[in-house]
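Structural characterization, general
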Amino acid sequence: MVVCGALVVAPFSPVYTPQELAHRVVALDYGNGTAYAGLQMLESAMPREAVTTRSFDANPSKRYAALMAGEFDATVLQEPWITVAEKAGCRLVSTTFFYGTWVADDTVDAEAYAAFVRATTEAARRINADKRAYARYYKTDDFEVTPDVQALSLDDFNLSRIQVKAPEPIPEADARWDWDWMSSWGLLNGTFDIESQINTAVQQAAHAGR
Amino acid sequence: MTMLKTMVIEPVRAFNGMDVLVARDEGLFEAEGLDVQFAKREPGDIRSTAEGTLTHPVSSQGRLQERGVARMYQA
């Protein structure tokens, strides 16, 4: 699954570009993919020393409510909250996409993971064939049921923000880049070692029959 | 009748797991011989990221796998 993340400012914000978020407080759900997507959007627009963030809840409805209350200058949101925010007049100053990565323990064998991959590959094909219909999942499978999301119609969703593709093995170069990037922010220590991060034998076997 | 292999994973949401939800609801896991179940969170599993720092984040992700009640989670 490919996740869309957006840096969002409130309707009353003076900020229109990501560069204007320099030295302004951006709320991130540290430890989650959306937070790292937010960091990457910020660092692409300003020197690192100008990136100013604070921790906030992983529930995007809480980040959205606090943004609208003026508790910080911007936050990163994912669907369906990007759509909720846009409908309320918020502006997206940057958007990006990132992969969600499955982490399995060593009891998951290649055969079981291959079956999981085949099933989600077919699901991705079905979603891509009718994104509008499957957008209904944003209303039923969010952090919680909220009036803001229930008020959305399926026509409100920007389908280009729904990106689903068949799972693939993680390229070593990509895993290494991610490790090095996270290390550069002090999030990981040590050097990248593919054998300790990816069971390549299981990965290859699981994807062999795709 | 083929015996399904149970696979318990951490719950997903639409924004990061629409494919999994569709596979579950449309019988695609079953067709592959899998009984995919979502592990249930307990109060202690839910930790607010607001309590963490950038370099020492606090997240619920992976908590159920740490506890041994889920075999996979999405990071």
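Quick note: structure is the one above.
Residues numbered from 1 in each chain as written. Chains lettered and ligands numbered in written order. Predicted model: local features only at pLDDT ≥ 70, side-chain atom pairs only at ≥ 80, totals over all residues.

So, the overall build of chain B
What counts, and what does not: For helices the rule is a DSSP run of H or I covering at least 4 residues; for strands it is a run of E covering at least 2, with both sets numbered from the N terminus onward. As a reference, a globule follows 2.2 Å times the number of residues to the power 0.38, and the radius of gyration itself is taken over C-alpha atoms. Counts of 20 or more other C-beta atoms within 10 Å of a residue's own C-beta define buried residues, counts of 12 or fewer define exposed ones, and intermediate counts define partly exposed ones; C-beta atoms are placed from the backbone. We call two residues in contact if the C-beta atoms placed from their backbones are at most 7 Å apart.
A count of helices and strands for chain B gives 3 helices and 3 strands. Across chain B, helices and strands are ordered from the amino to the carboxyl terminus as β-α-α-β-α-β. For chain B, whose C-alpha radius of gyration is 14 Å, the value lies well above the compact-globule estimate of 11 Å for 75 residues. Overall, chain B is about 50 × 25 × 20 Å in size when its C-alpha atoms are taken along their principal axes. The buried share among the 75 residues of chain B stands at 40%. Taking contacts inside chain B between residues at least 6 apart in sequence as the whole, the part at least 24 apart equals 58%.

Examining the interface of chain B and chain A
Inclusion rule: When residues are grouped by polarity, Ala, Val, Leu, Ile, Met, Phe, Trp, Tyr, Cys and Pro land in nonpolar, Asp, Glu, Lys and Arg in charged, and all others, Gly among them, in polar. Should DSSP find at least two bridges between two strands, the strands are taken to pair.
Contacts between chain B and chain A engage 36 residues on the former and 43 residues on the latter. When residues of the side of chain B that touches chain A are traced back to their parent elements, those giving at least two are strand 1 (5-9), helix 1 (14-25), helix 2 (28-31) and strand 3 (72-74) of chain B. Looking at the side of chain B that touches chain A element by element, the count peaks at 10 residues for helix 1 of chain B. Grouping the amino acids of the side of chain B that touches chain A by side-chain chemistry returns 18 nonpolar, 13 polar and 5 charged. Pairing between strand 6 (residues 102-104) of chain A and strand 3 of chain B: 3 bridges, direction antiparallel. Pairing of W102(A) across the sheet is with Q74(B), part of strand 3 of chain B.

Side note on the packing of helix 4 (residues 110-129) of chain A against helix 1 of chain B
Just so we agree on the cut-off: Whenever a helix is involved, its axis is fitted only over the stretch in contact; in every case the axis is a line through C-alpha atoms, and angles between N-to-C directions fall within 0 to 180 degrees. For classification purposes, an angle smaller than 35 degrees is called roughly parallel, one larger than 145 roughly antiparallel, one from 65 to 115 roughly perpendicular, and anything else oblique.
The N-to-C vectors of helix 4 of chain A and helix 1 of chain B enclose an angle of 100 degrees; their axes lie 8 Å apart at closest approach. What the angle tells us is that helix 4 of chain A and helix 1 of chain B run roughly perpendicular. On helix 1 of chain B, the residues that touch A119(A), T120(A), A123(A), A124(A), R126(A) and I127(A) of helix 4 of chain A are M18(B), D19(B), V20(B), V22(B) and A23(B). Here the contact of helix 4 of chain A with helix 1 of chain B is built from residues that sort into 8 nonpolar, 1 polar and 2 charged.

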